[in-house]
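Structural description and commentary
Given next are the chains, with one letter for each unit.
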Amino acid sequence: MDLLKLFKPDDFTLLAIILGAPLAGAFFNGVFGKRVGKNGVRLISMAAMLVSFFAAVLTFFALSQHRHNVHEEFEKTGVKGGAEPVSKLAWLAWQWMSMATGQSDGRLSIDVKFSVDELSAVMMLVITGIGTLIHLYSTSYMAKDRSYHRFFAYLNLFVFSMLVLVLADNMPLLFVGWEGVGACSYLLIGFWFDKEANASAGRKAFIANRVGDVGMIGGMLVIAHYCGALDWSGIAQNVEKLVLHGGQPERIILWQREAGPFSLSPATIAALALFLGCTGKSAQIPLYVWLPDAMAGPTPVSALIHAATMVTSGLYLICRLNFLFVYSPFTMAIIACVGAATALFAATIALVQNDIKKVLAYSTVSQLGFMFLGVGVGAFNLGFFHVVTHAFFKACLFLGAGCVIHAMHARIHDDDKSQDMRFMGGLRKYMPWTFYSMGAATLAIAGMPFTSGFFSKDGILYHVFVNRVVNPVVIEPMAMMRKMEEQRQVFTGPEHDMLARRIAQYWQAPNWLGPVLFCVGILAATMTAFYMFRLLFRTFWGEFKGWKVAPEAALRANPMENLEPLVDEPEAHLDAHGAHGDDHDDHSHDDHGHDDSPGEAPAEAPWPMAIPVAILGLLALFGGFLLAEPLHIEPLGKWLEPIFGDVMQHKDVAGLLSGFVHMRAGAAALEWPLMVPGVLAFAVGSGAAYYLYVHERGIHLPGTLMDAYPGLHKAALNKWYVDEAYEATIIGGTDALADGAALMDVWVVDGIIAKLTSAVVTGIGAILRTFQTGVVHVYGAFIAVGLLGIFFFFGQPHPNVATHKEGDTFTLEAAPGLGYEYRWTIDEGAPEPAFTTGEKATTRTIQLKKGEEKYVTLEVKNAFGRTAQKIVHIANPAPPPPPSSSMKPVGVPPFKPRPKGAQ
Amino acid sequence: MTAIFAAIRMFWPVLAAGTVGALVPRRHSRSERFWIALAAAACALFVVMMWPADATVVPATPAEPATTYPHLLSWLIAIPVLGAIAIIFTPRQAHKSLQYVSMAFMAVELVGCLLLLKLTPQESGMWLEETSSWIAPFGIRYHVGVDGISLWLIILTGVLTPIALFVSYGSITNRLKDFCFAFLMLQAAMVGSLVALDLFLFYVMWELMLVPMYVMIGVFGGADRIRAAVKFFLYTMAGSMLMLVAILYIVFKYRALSGEMSWDVNDLSRLHIPYGAEKWLFLAFALAFLIKVPMFPVHTWLPDAHTQAPTGASMILAAVMLKLGCYGYIRFAMGLFPRAAHEYGATFAGVAVVGGIMYGALCALKQTDAKRLIAYSSVSHLGYVMLGIFARNSASMEGAILQMVNHGISTGALFLLIGVIYDRRHTRDLAEFGGLAKQMPMYAAAFVIITFSSIGLPGTNGFVGEWLVISGTFLSQQTLGLWGRSQAIGAAIGVILGAAYMLTVTQKMFFGPLDNPKNKRLPDLTRREVVALAPLIILVFVIGLFPRIFTEPMHPSVSAFVKSFNERKKFEEEKVKDEAVLDPKPEPKVAAVAAPAPAPGANAAPEGAK
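All figures in this text were calculated on a predicted structure; none of them were measured in a lab.

Cut-off values and rules
Residues numbered from 1 in each chain as written. Chains lettered and ligands numbered in written order. Predicted model: local features only at pLDDT ≥ 70, side-chain atom pairs only at ≥ 80, totals over all residues. Helix = DSSP H or I, 4+ residues; strand = E, 2+ residues; numbered from the N terminus. Buried ≥ 20, exposed ≤ 12 C-beta atoms within 10 Å, placed from the backbone. Contact = placed C-beta atoms within 7 Å. Nonpolar A, V, L, I, M, F, W, Y, C, P; charged D, E, K, R; others polar. Core = buried A, V, L, I, M, F, W, Y, C linked by C-beta atoms within 7 Å. Domains from an automatic or database assignment. Pairing = 2+ DSSP bridges. Axes fitted to C-alpha atoms, helices over the stretch in contact; angles between N-to-C directions. Parallel < 35°, antiparallel > 145°, perpendicular 65-115°, else oblique. pLDDT = per-residue confidence, 0-100. Expected span 1.5 Å × (residues − 1). Bend = angle between axes of the 7 residues up to and from the residue.

Right, let's talk about the overall build of chain A for a bit. Secondary structure summary: chain A contains 34 helices and 16 strands in total. The proportion of buried residues among the 903 residues of chain A is 47%. At a minimum sequence separation of 6, the contacts of chain A that also span at least 24 residues come to 74%.

Quick look at the structure:
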């Protein structure tokens, strides 16, 4: 193909166009948007997206061609059975920076380099393709907005950042995209910033993601430290260093216990840290809380960012680094468990929400949980396939919901109520296109057989049941053991036992984990089918309830009329809109409360909105055949094989079983039987919804249930109070800490260093100042007192003796003074006959034997004839006794320092 | 013809930037656009000129560019002083003349600073060294030089001082002459401290900085200005006094060992003092510099000084003066006392993380005065800088120096932006604002961009610095030991808090309903403010996307510094016990006076030691 001649595979500048078009669009819309008007903005942004999409398609074909070439080359010249070279198209833009590697001041160059391989090619197509559709949709959806240009600038910028994320060739560059999409998400959630709640939701999203970013940074650092590289191929080449160091398992000791150190392998730490980042971006427990609030943004944003693309970047990262994650079966098990827990947890909340976007938001969280469940058990291609199918049906559902809200808003003129399903119903008549598209997407997400969701979700569940991630350290012994068992029929014996012991040393996921997660998944799938059909039925079936929007009080008084009552606090169920929603409600009562006339009927959305929804609906229905594993139609699986093939179970050159993801024995036979629970989940969930919300007899059941368990319902409606719990613990804790820090800064730090010091100085100054009265009498009195003091001092003799020791000779020297005379008495002996003066009188020299001590008395008489005396004690310490002697000599002076080591 | 094409190929980004700069602003007149276009084109030109060449082609004539302008550094000190003298002779009432005169001198100074880039050779050692005797009986010399560590700080000074002064023209209407005089003197003192290699000269410049800043806070400041100015002055003086004692100690020790007086850093760094005394000398130096940085617990002068200072003074204080503390720590505290710096490094790094990064961020979270908040954010950000310095491998130190520049740009811009709203509303209380994005969209956009830069969003300058510092700290085994890992993680957690307080400010000021009636008629950015902000915003992205332009010139110097530091530390640990030791003079050392062209390797490294 000419394309590869035009752009070299290692200098594939076409990527610059894919990336550059949305960036240029963002720039021009942001800067000139207001001047060129809405039509100009529409033209610029759509052109940018179409150019990008077109270039992406070309790149896709070029990659396919390149892969073919590489393969042929390899067949011709390569070693039989050797590793096939990776085929990717790369473009080095410029060198970015050089960071430390930890290898004695070594440097690691981080480049602005983009590359596209099979995985990123699919993501690229999804982003530009669905991005284009959603841009088209937005041109109409946002048509009345004053900040039209700002919206498209942000949206284009988002597409650019997302493309940077998936096309980046190294982790720091991926992080640029990762944060870039976060920033765009922040700006778009708070797009209508004049509502406090929207701005708060944006901030919450950003900060929750920042928590995850700490994990990302930590993970990158660990990888850089052990692998010495941060680009994909570099990590892949050195990934073994994360678990093995010179043939021995590498461990990081976290802390010492009595039972030996608690240690993890660097692979586990890196993978857990990166997974923390993924929970932030992909809204998993514990960081999922921002995503439901993010629905404050315009609906196309929810479709593009918070359903189809950005929130799947965590999945993309795990798929991208699949070879790293499988090195830590522990992390894989954690990912699977978190995914399953999130899938179930979010589904329970979605069961009772009334806001149509909230239902979809929690459904997104739940579906993301399914994806993590899939990759957590090593079914990378199915987890990734669910990313793609989810992009189809969830984008369709959000856009459809956008059409509904658009229609409702035209009638109700209230932001919150036009999203409330209690005011909808019967829209099937008015908006058939939307209905059919959303119906198709609902079937897909609920898992109706042979729709896209069926193939991806049931495939994941099947693999959850049969897959097993094997610790890389034990692959070799395990393969040897298997060989022993299969070929030599040896099942016991010392050799076999040794291998078994070696395998048992390392952590493996327990055998029951798969089936348990499978059951959780089925339960969550049942709930999914239920709440999605509940949404569909309550929106499109029955009577249209928006003709007359009843006041809040009436709704509360007669809950059965609208199936479900409002909770006591209006903020609680519409929390994203917060307290602010209240005054809006009041306004709307004034405006529309008396408006009983039927008015304008809700209408079908205009074509730029309807067409993307319809296309996505079709994709949701039929997209599943990209990877229909049970039917053995799997173009996507084949396409992705170079990415995921190595970690999957396969026979290596020596005929040994290799790869990290193994399957249970007899897995192939289970493929069809395990589909039954999945289909049942669809049938039960959708049937129950039909019975409750369409069928006449079931219609009172929800109310009855609610009355029976009011606490449970309220808790689910309030999202199990997780936000409140975070508010009370983490946010409150930080807040208290900040309060403490701010107070400490003023009163302790500044208090001691500045205020106390200045107080001391001021105090001394104040005291000294009192002496400076300026009155001569007082000064005279001070002089008199001072002179008296001096006279008094010198009137007394001051006997002071300085002792110098030189060997055994002690020299005592008396201090001189005015007219002093001295008399010495040495150790109880006779005192000297008289006081003497002169040089001789001031010093005395005394010889002392070892261990001897003496008291010397000095008497001093001054010029006034007053005397004073001082007794000086001198002693010559004995040499340390020999260590063997246990008895101490009697005459040892008590103050003698204890000889060292005498014990 | 081909030459023209080559020129176009080379300079198209300049043209493009100029065109965009001319077309972007909507409501501005032609002359204003001209200046913005010029700013954009200048920045683009800078990128083009500094672009790392693909192939390492050595130019055919490796002529020593260092000797081309041998007195450049002296001129850099002299120009602002001459400007200040010119201001003395300009009439007090002639505001326009005062403005033009001071701006003209600053423009010349900026050109001079940028010449440094053209002239600096890519090698270690001091560049453009200049030595002459000053006070001969005491061995005091006038010795200046620049290397990769101080290079960008000098340029930062050259770029930010005119911007700060330019912005101040809008708000300072009284005593403009004094203000301009103080500003020019301040610039001279700052540049002087950055280039001084003689401790006496450094000390003079270091103290000289205090006076103009004291005047600016004390005369042009807010209501509580006198107290803040005194606090600022006393804090800094307290540290400087201890440093002076330490300087005298080492100078006399040097005389005792060598028989001659010298205050020269190169000479003094040959002196190895026993650890017992070195410890105290180091602590005296470190305290002086850490007060200036400022680091916990001696940081409390900063919020007071910032809240009271006028906008221009705040900008200079945050953007340049604090960096002098970091710079002094590297050049003098670490350069003269390697062993003590090593011993205390890990402890100080802990203080930088807990007391600086985290504590500063937590305090910032609770401030209601916008300027006070940004002052605390400075404490937090400088924690990163100091952490990178303490971690002391070449990558982390490059990150730290880059982060100094980044902080200068983003915090300088933040103070500028706060000044904008203060000029309009005369309050900085966050509760007074809300929903300003509706009324002042350009202002809001600028603020959000700077916010992203401040919280280190990848793609902006903040990320590169933080990333280099954090990764350098994490990967530094020999300097911080195992604690390095936890400190890196602590620093990474500080990133969350940084986002929390900055986004809170942004939200409180710009988002939400515009319900305060006083805010409903505020004008958007004026032309003066746009022109002042434009270079800063452009630099945010230039550094974020092309950090190599900035780290490459500093790389040889930083590597050499780290290498010589480690060698000298090892030497002191092994050889120096009870008596001070003086290394022999390295051979190519310049004899006391004269001889303008110094040989390479004449910096702090005592290569002859081993």
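Read on for the rest.
When helices and strands are tallied, chain B shows 22 helices and four strands. Looking at chain B residue by residue over its 610 residues, the buried ones come to 59%. When contacts within chain B are restricted to residue pairs at least 6 apart in sequence, those whose partners lie at least 24 apart make up 79%.

A word on the interface of chain A and chain B. Each partner contributes residues to the interface: chain A has 45 residues there, and chain B has 48 residues. No other element matches the 15 residues that helix 6 (residues 196–227) of chain A contributes to the side of chain A that touches chain B. When the residues that make up the side of chain A that touches chain B are grouped by side-chain class, the tally is 25 nonpolar, eight polar and 12 charged.

Another aspect to go through is the nonpolar core. One broad rule of soluble globular proteins: the nonpolar side chains tend to lie buried together. Judged by nonpolar contacts, the single largest core of 476 residues is most densely connected at Leu163, Ala395 and Cys396 of chain A together with Phe285 and Ala333 of chain B. If one sorts the elements of this core by residue count, helix 15 (residues 380–412) of chain A sits on top with 21 residues. Among the domains, domain 1 (13–49) and domain 2 (346–545) of chain B are the pair contributing at least three residues each to this core. When near neighbours in sequence (up to four residues on either side) are disregarded, Leu163 of chain A contacts Ile18, Leu19, Pro22, Met124 and Ile127 of chain A. Judged by nonpolar contacts, the second largest core, of seven residues, contains Val801, Tyr822, Val856 and Val860 of chain A.

This part takes up the sheet that holds strand 15 (residues 853–861) of chain A. Residue and element names in this part refer to chain A. Spatial strand order, 13-15-16: three strands in an open sheet with antiparallel pairing. The sheet is open, and its two edges are formed by strand 13 (821–826) and strand 16 (867–875), each paired on a single side. Strand after strand, the sheet turns through a mean of 20° between neighbouring axes, direction not considered. Examined bridge by bridge, strand 13 and strand 15 share six bridges and lie antiparallel to one another. Residue pairing in the sheet places Ile826 in a bridge with Val856 of strand 15.

By the element assignment, Pro833 of chain A lies in the loop between strand 13 and helix 34 (839–842). Separated by 812 residues in the primary sequence, Pro833 of chain A and Ala21 of chain A have C-alpha atoms spaced 115 Å apart.

All names here are of chain A. The topology assignment puts Ala343 in helix 13 (residues 329–350). The sequence separation of Ala343 and Met527 amounts to 184 residues, and the corresponding C-alpha distance is 9.8 Å. Residues within four places of Ala343 in sequence aside, it is in contact with Ser366, Gly369, Phe370, Leu373, Gly521 and Ala524.

As a further point, take the packing of helix 14 (residues 356–376) of chain A against helix 15 of chain A. Two quantities define a packed helix pair, namely the angle between the axes and the distance from one axis to the other. Residue and element names in this part refer to chain A. Across the interface, helix 14 lies against helix 15 with an axial gap of 9 Å and an inter-helix angle of 175°. Classified by the angle between their axes, helix 14 and helix 15 sit roughly antiparallel to one another. Residues Ile356, Lys357, Leu360, Thr364, Gln367, Phe370, Met371, Gly374 and Val375 of helix 14 form the contact with helix 15, whose participating residues are Phe380, Leu382, Gly383, His386, Val387, His390, Lys394, Leu397, Phe398, Ala401 and Val404. Residue composition of the contact of helix 14 with helix 15, by class: 12 nonpolar, six polar and two charged.

So, on to the packing of helix 3 (residues 118–141) of chain A against helix 4 (residues 148–167) of chain A. All names here are of chain A. Where helix 3 meets helix 4, the closest approach of the two axes is 9 Å, and the angle between their N-to-C directions is 175°. Relative to helix 4, the element helix 3 is oriented roughly antiparallel. For the pair helix 3 and helix 4, contact is made by Ser120, Met123, Met124, Ile127, Gly131, His135 and Ser138 and by Phe151, Leu155, Val159, Met162, Leu163, Val166 and Leu167, respectively. Here the contact of helix 3 with helix 4 is built from residues that sort into 10 nonpolar, four polar and no charged.

Our focus in this paragraph is the confidence of the model for chain A. On average, residues of chain A carry a pLDDT of 83, and 89% of them reach 70 or more. Ignoring residues within four places in sequence, the model shows residues 896–903 of chain A, a span with pLDDT below 50, making four contacts including any to other chains.

The next subject is the confidence of the model for chain B. All names here are of chain B. Predicted confidence across chain B gives a mean pLDDT of 85, with 89% of residues reaching 70 or more. Low pLDDT, under 50, characterises residues 54–67; the predicted model gives this stretch seven contacts beyond four residues in sequence or across chains. Listed scores for the predicted complex are pTM 0.84 and ipTM 0.85.

Our focus in this paragraph is the domain arrangement of chain B. Domain annotation of chain B identifies domain 1 (13–49) and domain 2 (346–545). Of note, the centres of domain 1 of chain B and domain 2 of chain B, computed from C-alpha atoms alone, are 26 Å apart.

The subject of this paragraph is the sheet that holds strand 11 (residues 801–806) of chain A. Residues and elements named next belong to chain A. Here we have three strands laid out as an open sheet, ordered 11-12-14, and antiparallel in their pairing. Since the sheet does not close on itself, it has two edges, and those belong to strand 11 and strand 14 (843–847), each with one partner. Across the sheet, the mean angle from the axis of one strand to that of its neighbour is 20°, orientation sign disregarded. In this structure, strand 12 (residues 809–814) lies alongside strand 14, joined through five bridges in antiparallel fashion. Paired with Glu813 across the two strands is Thr843, which belongs to strand 14.

Residues and elements named next belong to chain B. Among the secondary structure elements, Ile409 is positioned in helix 15 (residues 394–425). Given 29 C-beta atoms within a 10 Å radius, Ile409 is considered buried. Those residues within four positions of Ile409 in sequence are excluded, and the remaining contacts are Asn461, Leu536, Leu539 and Val540.

Turning next to helix 2 (residues 14–77) of chain A. Look at helix 2 of chain A: only 29 Å from first C-alpha to last across 64 residues, short of the 94 Å you get at 1.5 Å a residue. Remark: the principal bend of helix 2 of chain A, roughly 130°, maps to Gly37 of chain A.

To continue, consider helix 5 (residues 148–171) of chain B. One turn of the α-helix equals 3.6 residues, which is why residues spaced by three or four share an orientation. Taking 1.5 Å of rise per residue, 24 residues should cover 34 Å, and helix 5 of chain B covers 36 Å from first to last C-alpha, within 8% of that figure. Of all 24 residues in helix 5 of chain B, 20 are buried; the element is thus mostly enclosed.

Residue and element names in this part refer to chain B. In this structure, Pro294 follows Val293 across a cis peptide bond, with omega equal to -10°. Of note, Pro294 is situated in the loop between helix 10 (275–292) and helix 11 (301–308). For the peptide bond that leads from Phe296 to Pro297, omega is 0°, which places it in the cis range. Topologically, Pro297 is positioned in the loop between helix 10 and helix 11. If you check the backbone angles, Arg392 has positive phi at about 65° while not being a glycine. With respect to the helices and strands, the residue Arg392 is situated in the loop between helix 14 (370–391) and helix 15.

A word on the pairing of strand 2 (residues 140–146) of chain B. Remember that side chains alternate between the two faces of the sheet whenever the strand is regular. Residues and elements named next belong to chain B. Summarising burial for strand 2: six of the seven residues are buried, a large majority. Alignment of strand 1 (residues 127–135) against strand 2, held across six bridges, turns out to be antiparallel. Counted as the bridge partner of Trp127 is Val146 from strand 2. Between strand 1 and strand 2, which follow one another and run antiparallel, lie four residues, and Gly139 among them has a positive phi close to 70°.

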